[in-house]
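Given next are the chains, with one letter for each unit.
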Amino acid sequence: MPTKSLNRVSGKKSKEAVVHSALKLFTMSGYDGVSVRAIASDAGVNIALVSYYFGGKQGLLEYLMATFFEGYLSALEKAEQETSGQISSVERLTVVAEQLIRYQQHCFYLSRFVHREMTLDNQLVRELMSSYLMKEKFLFARIFKKVLSGKQMNQMQIEFAIIHYRDLIITPFLQPQYLREVFFIQPSEQSFCTQYMRFIRDWASRLICCTDGSF
């Protein structure tokens, strides 16, 4: 009897097992390199359950992507609300970044997979960009409008600052292997966030202190 058959589960647990196995296999072999049968086998469930829960492998991919972005945007909105009071601009940018980095650490493998998939050019990625990432841009723009109020920066410079800020937030999860193998940095560890936030706070300080638009 196969070992996996001893771990067969049902209901909510079987769905979670499919999600866990899909994420693991997609991360290891890429979306195109994994079959529905392999996912079901790894999860210890009947292959028909993948279609039942997600409508197939494509539906499972969409579920993973949407799950990440829903949580990511929720964390961003919460961080924006928490920093809407009397707080310095530097602290506002630092707190928002920290909340998003900790969210990605919490779902490290999902973050890594989603960011990697978002570098591709396909219909799903374009749809996600036109919905989730446009909302992300809107929220970041709203934050930067507050922190750069009164600064001598034109619209393009502000947008470049947003792009740079976003890159600081997602790069450790887009290229974790590069950080580990070349710089021996472990972005999934809690100590990384503590040290990294010092750099982001310094970056934010330089941005806010810049009043001539030369940043």
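Our subject is the structure listed above.
Each chain carries its own residue numbering, running from 1 in the written order of its sequence. pLDDT decides what is reported in this predicted model: residues at 70 or higher carry local features, side-chain atom pairs at 80 or more are listed and counted, and totals for whole chains, interfaces and linings draw on all residues regardless. Hydrogens and water molecules were not included; the side-chain quantities draw on all heavy atoms of the structure.

### Examining the side chain of Arg180
Each helix is a run of H or I in the DSSP string that is no shorter than four residues. Each strand is a run of E no shorter than two, and both are numbered from the N terminus. Position of Arg180 relative to the elements: it lies in helix α9 (residues 176-183). Buried, partly exposed and exposed residues are distinguished by accessible area as a fraction of the type maximum, computed with a 1.4 Å probe on protein chains only: under 20%, between the cut-offs, and over 50%, respectively. Charged residues are defined narrowly, with Lys and Arg counted positive, Asp and Glu counted negative, and His plus the chain ends left uncounted. When a carboxyl oxygen of Asp or Glu lies within 4 Å of a side-chain nitrogen of Lys or Arg, that pair is called a salt bridge. An unpaired buried charge is present at Arg180: no salt bridge exists, and Glu181, the closest side chain of opposite charge, is 5.3 Å distant. Looking at Arg180, its side chain comes within polar contact range of the side chain of Gln177, at 2.8 Å. Only heavy atoms enter the contact rule, under which two residues are in contact if any of them lie within 4.5 Å. The contacts of Arg180, once residues within four sequence positions are left out, are Phe108, Arg112, Ile185, Gln186 and Pro187. Any pair of nitrogen or oxygen atoms within 3.5 Å is treated as a polar contact; in protein, a donor-acceptor pairing is required on top of that, and neighbouring residues in sequence qualify only through side-chain atoms on both sides.

### Regarding the nonpolar core
Core analysis: the largest hydrophobic core is formed by 69 residues, its most contacted members being Tyr72, Leu93, Phe140, Phe144, Tyr165 and Ile169. The element contributing the most residues to this core is helix α4 (residues 57-82), with eleven residues. Contact partners of Phe144, with chain neighbours within four places excluded, come to Leu93, Ile158, Ala161, Ile162, Tyr165, Trp203 and Leu207. In this text, buried Ala, Val, Leu, Ile, Met, Phe, Trp, Tyr and Cys residues form a nonpolar core when linked through side-chain atoms within 4.5 Å.

### Points about the side chain of Thr94
Secondary-structure assignment places Thr94 in helix α5 (residues 89-106). For Thr94, a relative accessible area of 1% gives the class buried. Not counting residues within four places of it along the chain, the set of residues in contact with Thr94 comprises Met197 and Arg201.

### Structural notes on the layout of surface pockets
What the largest pocket holds in volume is close to 320 Å³. Lining the largest pocket are 17 residues, and of these Lys137, Phe140, Glu159, Ile162 and Ile163 lie nearest its centre. Elements supplying a minimum of two residues to the lining of the largest pocket: α7 (123-147) and α8 (155-174). Each residue gets one of three labels, nonpolar for Ala, Val, Leu, Ile, Met, Phe, Trp, Tyr, Cys and Pro, charged for Asp, Glu, Lys and Arg, and polar for the others, Gly among them. Partitioned by chemical class, the residues of the lining of the largest pocket number ten nonpolar, one polar and six charged. In this analysis a 1.4 Å probe is tested at points of a 1 Å grid over the protein atoms alone, and where it fits but cannot get out there is a cavity; an open set with protein on both sides within 12 Å along at least five of seven lines is a pocket; lining residues have an atom within 4 Å of a point. Grid points are joined across faces, edges and corners, and a volume is the space filled by probe spheres set on the points.

### Details of helix α2 (residues 36-43)
Buried residues of α2: Ile39, Ala40, Asp42 and Ala43, and no others. On an axial view of α2, the arc spanned by its buried residues comes to 165 degrees, and they lie on one face. The positive-phi residue at the C-terminal boundary of α2 is Gly44, with phi of around 75 degrees. This arc is built from the directions going out from the helix axis to the C-beta atoms.

### Observations concerning the packing of aromatic side chains
What characterises a pair of aromatic rings is the spacing of the ring centres plus the angle enclosed by the ring planes. A pair of aromatic rings is counted whenever rings of Phe, Tyr or Trp (Trp by its six-membered ring) have centres within 6.5 Å, and the orientation is called stacked for planes under 30 degrees apart, edge-to-face for over 60 and tilted otherwise. Scanning all chains against the criterion turns up 17 aromatic pairs. Measuring from ring centre to ring centre gives 5.8 Å for Tyr165 and Trp203, while their planes differ by 20 degrees; the resulting arrangement is stacked. Of this pair, Tyr165 sits in helix α8 while Trp203 sits in helix α10 (residues 190-209), and the two are 38 residues apart along the sequence. In terms of burial, Tyr165 and Trp203 fall into one category: buried. Through a chain of ring-to-ring contacts, three or more aromatic side chains come together here, namely Phe68, Phe69, Tyr72, Tyr103 and Tyr132. Sitting above the plane of the Tyr31 ring, Lys57 keeps its charged end 4.3 Å from the centroid. Only Lys NZ and Arg CZ are tested; either one counts as a charge over a ring when it is within 6 Å of the ring centre and within 35 degrees of the ring normal.

### A short note on the pattern of salt bridges
Pairing is possible between side chains of opposite charge, provided their charged atoms come close. The final tally for this structure, using the stated rule, is seven salt bridges. With its nearest N and O atoms 2.7 Å apart, the salt bridge here joins Arg142 to Glu80. One end of the pair, Arg142, is in helix α7; the other, Glu80, is in helix α4, and 62 residues separate them in sequence. Exposure remark for Arg142: the relative accessible area of 37% places this residue in the partly exposed category.

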